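Structural description and commentary
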Amino acid sequence: MVLIYGSNEQRSSGGFIIPISQWGTPAVMKTWQTHLENRSYLFFMYTKGTYAEKQQASKELEICDRKLAFWERHPAFDISKAASAKAQVKSKWNSR
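Conventions used here
- Residues numbered from 1 in each chain as written.
- Predicted model: local features only at pLDDT ≥ 70, side-chain atom pairs only at ≥ 80, totals over all residues.
- Heavy atoms only, no water.
- Axes fitted to C-alpha atoms, helices over the stretch in contact; angles between N-to-C directions.
- Helix = DSSP H or I, 4+ residues; strand = E, 2+ residues; numbered from the N terminus.
- Parallel < 35°, antiparallel > 145°, perpendicular 65-115°, else oblique.
- Left-handed = near helix turned anticlockwise from the far one by under 90°.
- Contact = heavy atoms within 4.5 Å.
- Nonpolar A, V, L, I, M, F, W, Y, C, P; charged D, E, K, R; others polar.
- 1 Å grid on protein atoms, 1.4 Å probe; cavity = no way out; pocket = protein on both sides within 12 Å on 5 of 7 lines; lining within 4 Å.
- Points joined across faces, edges and corners; volume = space filled by probe spheres on them.
- Salt bridge = Lys/Arg side-chain N within 4 Å of Asp/Glu carboxyl O.
- Buried < 20%, exposed > 50% of the residue type's maximum accessible area, 1.4 Å probe, protein only.

**Re the packing of helix 1 (residues 25-48) against helix 3 (residues 79-94)**
In the contact formed by helix 1 and helix 3, the axes pass within 10 Å of each other and the chain directions differ by 30°. Relative to helix 3, helix 1 is oriented roughly parallel. In the crossing of helix 1 with helix 3, the sense of the turn from one axis to the other is right-handed. Packed against helix 1, whose contacting residues are Thr25, Met29, Trp32, Gln33, Leu36, Glu37, Ser40, Tyr41 and Phe44, the element helix 3 presents Lys81, Ala82, Ala85, Lys86, Gln88, Val89, Lys92 and Trp93 at the interface.

Structural data, given as structure tokens:
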């Protein structure tokens, strides 16, 4: 069972790709926010899921945290935009 992140994700190189080091702030922040939303879902599954879902969510939370940390180190990462995105994601999950 995989919730979001597979342990052996294959990366495809289909076509022209801009190197990650050249990504601008909008793309970096969108990708970071996607991982933040995934983390919220995984944490929900970790706290409310079945035993098997909790075990899988625990593994995937580690992957997600690594991905979030990677994007937070990117030169185009904007901490002020991250704070507003984090508040937006938090309010979405608190309303459920």
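**Regarding the packing of helix 1 against helix 2 (residues 51-72)**
Between helix 1 and helix 2, the least distance of the axes is 9 Å, while the angle of their chain directions is 160°. With respect to helix 2, the axis of helix 1 lies roughly antiparallel. Helix 2 is crossed by helix 1, and the crossing has left-handed handedness. Taken together, the residues of helix 2 that come into contact with helix 1 (itself represented by Val28, Thr31, Trp32, His35, Leu36, Asn38, Arg39, Leu42, Phe43, Met45, Tyr46 and Thr47) are Glu53, Lys54, Ala57, Ser58, Glu60, Leu61, Cys64, Asp65, Lys67, Leu68, Trp71 and Glu72. The class makeup of the residues in the contact of helix 1 with helix 2 is 12 nonpolar, five polar and seven charged.

**Some details on the layout of surface pockets**
Here the second largest pocket is characterised by a volume of approximately 250 Å³. Lining the second largest pocket are Leu36, Arg39, Ser40, Phe43, Phe44, Thr47, Lys86, Val89, Lys90, Trp93 and Asn94. The element contributing the most residues to the lining of the second largest pocket is helix 1, with six residues. Looking at the lining of the second largest pocket residue by residue, the class counts come to five nonpolar, three polar and three charged.

**Side note on the pattern of salt bridges**
For side chains of opposite charge, pairing can occur when their charged atoms come near one another. With the rule as written, the count across this model stands at two salt bridges. Linking glutamate 37 and lysine 92 is a salt bridge whose minimum nitrogen-to-oxygen distance equals 3.5 Å. Here the residue glutamate 37 occupies a position in helix 1, and lysine 92 occupies one in helix 3, the gap between them amounting to 55 residues. Given the relative accessible area of 26%, glutamate 37 is considered partly exposed. Of the charged contacts, one joins arginine 39 and aspartate 65 as a salt bridge, the two residues approaching to 2.6 Å between their closest N and O atoms. In this pair, arginine 39 is assigned in helix 1 and aspartate 65 in helix 2, connecting sequence segments 26 residues apart. Aspartate 65 gets classed as partly exposed once you look at its relative accessible area, which sits at 32%.

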